[in-house]
Amino acid sequence: MTDERWAWGWGLANVDAAGNTLDVWYPKLEMGEAKPSAPAGTHGFGTLVHDGPDARGVKRVPVFTAANIDGPIADAADAYLRLHLLSMRMVRPNSMNLDGIFGALNNVVWTNYGPFAVEDFALRRLDAMNANAGAGMPGMHADVNVLSVDKFPRMLDYVVPSGVRIGDGDRVRLGAYLSEGTTVMHAGFVNFNAGTLGTCMIEGRVSQGVVVGDGSDVGGGASIMGTLSGGGKLRNSIGEHSLLGANAGIGISLGDNCVVEAGLYVTAGTKIEVWDKEKVAAGVALDVVKGAELSGRDNIMFIRNSLTGAVQARARKVGIALNDALHRN
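Definitions and cut-offs
- Residues numbered from 1 in each chain as written.
- Predicted model: local features only at pLDDT ≥ 70, side-chain atom pairs only at ≥ 80, totals over all residues.
- Heavy atoms only, no water.
- UniProt positions renumbered as here; feature names shortened; annotations may be inferred.
- Helix = DSSP H or I, 4+ residues; strand = E, 2+ residues; numbered from the N terminus.
- Buried < 20%, exposed > 50% of the residue type's maximum accessible area, 1.4 Å probe, protein only.
- Contact = heavy atoms within 4.5 Å.
- Areas by Shrake-Rupley, 256 points an atom, 1.4 Å probe, with all protein chains shown as cover.
- Lys, Arg positive; Asp, Glu negative; His and termini not counted.
- Charge placed at Lys NZ, Arg CZ, Asp CG, Glu CD.
- Pairing = 2+ DSSP bridges.
- Phe/Tyr/Trp six-rings, centres within 6.5 Å; stacked < 30°, edge-to-face > 60°.
- Lys NZ or Arg CZ within 6 Å of the ring centre and 35° of its normal.
- Salt bridge = Lys/Arg side-chain N within 4 Å of Asp/Glu carboxyl O.
- Domains from an automatic or database assignment.
- Buried area = accessible area lost by both parts, 1.4 Å probe.
- Polar contact = N/O pair within 3.5 Å; in protein donor to acceptor, adjacent residues only side chain to side chain.
- Nonpolar A, V, L, I, M, F, W, Y, C, P; charged D, E, K, R; others polar.
- Patch = residues over 30% accessible without salt bridge, like charges linked within 9 Å, V, L, I, M, F, W, Y side chains within 5 Å.

As recorded in an unreviewed UniProt entry, the protein goes by 2,3,4,5-tetrahydropyridine-2,6-dicarboxylate N-succinyltransferase and comes from Bifidobacterium choerinum. Taken verbatim from the UniProt record of the protein, the Sequence similarities (unreviewed entry) comment is "Belongs to the type 2 tetrahydrodipicolinate N-succinyltransferase family." Among the UniProt annotations of the protein, the heading Function (unreviewed entry) holds the following wording: "Catalyzes the conversion of the cyclic tetrahydrodipicolinate (THDP) into the acyclic N-succinyl-L-2-amino-6-oxopimelate using succinyl-CoA."

Moving on, we get to the overall build of the protein. For the protein, the count of helices and strands is five helices and 26 strands. Its C-alpha atoms give the protein principal-axis dimensions of about 80 × 55 × 40 Å. Burial statistics for the protein: of 329 residues in total, 45% are counted as buried. The long-range fraction of contacts in the protein, counting pairs at least 24 apart against all pairs at least 6 apart in sequence, stands at 48%. When the accessible area of the protein is evaluated, it comes to approximately 15,800 Å², of which 52% is carbon and sulfur surface. Treating the 29 positive side-chain charges of the protein as one cloud and the 34 negative ones as another, the clouds have centres 4 Å apart.

On to the sheet that holds strand S15 (residues 211-212), then. The strand order across the open sheet built from four strands is S9-S12-S15-S18, with neighbouring strands paired in parallel fashion. Of all the strands in the sheet, the pair left with one neighbour each is strand S9 (176-177) and strand S18 (237-238). By the bridge criterion, two bridges tie strand S12 (residues 194-196) to S15 in an arrangement that is parallel. Bridge pairing in S15 links Thr196 to Val212.

Take the packing of aromatic side chains next. The tally for this structure, following the rule as stated, stands at eight aromatic pairs. Three or more aromatic residues link up through ring pairs in this structure, and these residues are Trp8, Trp10 and Phe64. Against the face of Trp275 rests Arg314, its NZ or CZ located 3.7 Å from the ring centre.

Moving on: the side chain of Asp78. Its location among the elements puts Asp78 in helix H1 (residues 76-87). Here Asp78 falls in the buried class, since its relative accessible area comes to 3%. With sequence-adjacent residues up to four places away left out, Asp78 is seen in contact with Thr65, Ala67, Pro72 and Ile73.

Moving on: the pattern of salt bridges. Under the definition given, this model contains 11 salt bridges. The residue Lys28 makes a salt bridge to Glu30 at a minimum N-O spacing of 3.4 Å. We classify Glu30 as partly exposed; its relative accessible area is 30%. Notably, a salt bridge pairs Arg154 with Asp170, separated by 2.9 Å at the nearest N-O pair. Remark: Asp170 occurs in the loop between strand S8 (165-166) and S9 and Arg154 occurs in the loop between strand S7 (146-150) and S8; sequence separation between them is 16 residues.

Here we come to the environment of Asn130. Its location among the elements puts Asn130 in helix H3 (residues 121-133). C-alpha of Asn130 to C-alpha of Leu264: the two residues are 134 residues apart in sequence and 53 Å apart in space.

Next up on the list: the domain arrangement of the protein. Annotation of the protein at the domain level lists domain 1 (6-130) and domain 2 (155-315). Contacts between domain 1 and domain 2 engage 18 residues on the former and 23 residues on the latter. Between domain 1 and domain 2 lies a buried interface of about 1,600 Å² when both sides are counted; carbon and sulfur atoms form 62% of it. It is Ser87, Arg89 and Asn94 in domain 1 that bury the most area against domain 2; as a group they hold 42% of the surface buried on that side. For the pair domain 1 and domain 2, the number of links is one salt bridge. There are nine residue pairs in polar contact (both at pLDDT 80 or more) connecting domain 1 and domain 2. Taken together, the elements giving at least two residues each to the side of domain 1 that touches domain 2 come down to strand S2 (21-25), H1 and helix H2 (101-104). Of the residues assigned to the side of domain 1 that touches domain 2, the class counts are 12 nonpolar, three polar and three charged.

A word on the UniProt feature "binding site: Mg(2+)" (unreviewed entry) in the protein. Residues annotated by UniProt as "binding site: Mg(2+)" (unreviewed entry) correspond here to Asp170. Of the polar contacts made by the side chain of Asp170, one reaches the side chain of Arg154; its length is 2.9 Å.

In this numbering, the UniProt entry assigns the feature "binding site: succinyl-CoA" (unreviewed entry) to Arg205, Gly220, Ser223, Ala246, Glu261, Ala262, Gly269 and Lys290. Spanning 86 residues, the named residues are also spread out in space, since their farthest C-alpha pair is 25.8 Å apart. Tracing the sequence through the fold places Gly220 in the loop between strand S16 (217-218) and strand S17 (223-224). Apart from the residues within four sequence positions on either side, Gly220 is in contact with Glu203, Ala246 and Asn247.

Before going further, it helps to spend a moment on a nonpolar patch on the surface. Judged by side-chain polarity, Val118, Val146 and Val149 come together as a nonpolar surface patch covering roughly 220 Å² of accessible area. Mapped onto the elements of the fold, Val118 is located in the loop between strand S6 (114-117) and H3. Judged by its relative accessible area of 33%, Val118 is partly exposed.

Right under this line is the structure:
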């Protein structure tokens, strides 16, 4: 026996004319080693399956996927399985191997008709519109509306987690992990392999690799540095009962019971005065440290001194309290 972790399940894949897998939907997944045999016909997709291409130039076929989630990503079906595991809350962010996921996924035109291949989209769009108009309702709902062109689809088209509220489905990607009691407001955004570990208010941006602890609030317009686009390997996070104020941002982690005041951006290199009441009273200069030295520490309030402009870290004894009624889902 090995320490490898496996997950498996039946999925319904959209495959384009060139044989590229555009997406896979897994209604149910299991953890553990796959059953020795998964006979055809046990997927339960019924008439949703069609081997011939539809008006989009896409066929819809069942796929059985078993993956060692600590090993390399084998293909698009494997990548979609791992994204589903996150959104189904079966695996926490940053706990399985997602290296190479961008290479495993194809760029897709996401529409109200489902996924299209990018290469021949204009012609396939006409085919889909004509097919719909010929179904007995000319001119009714014939338009193909493009939602995005991306490698990652909207989470809610594949997984609807229990006990959460999401104001705008376009702003939560498949692969987001949202714990019960989480509210994502209309301007909030949660990327894949990121999310919440308890009751949270998300009004700002939670980037890839970032997790927000129970009872914390990411304020409107706030931003947390992730690891994509050359952001390095260090993963930032927010602890429990902390507040990232409106239009604030962090390039460091916050511990428990911390606050970053509205509009303040604290990075690893930010010079921060460590507030000491006795030193101030004695006229002694405050110690100055870089933000990285305070990363992950508990009970800190980060503010900007309105007289001097200096960023300061002050002790804070208690955490914030969210509105229980708002998060009781």
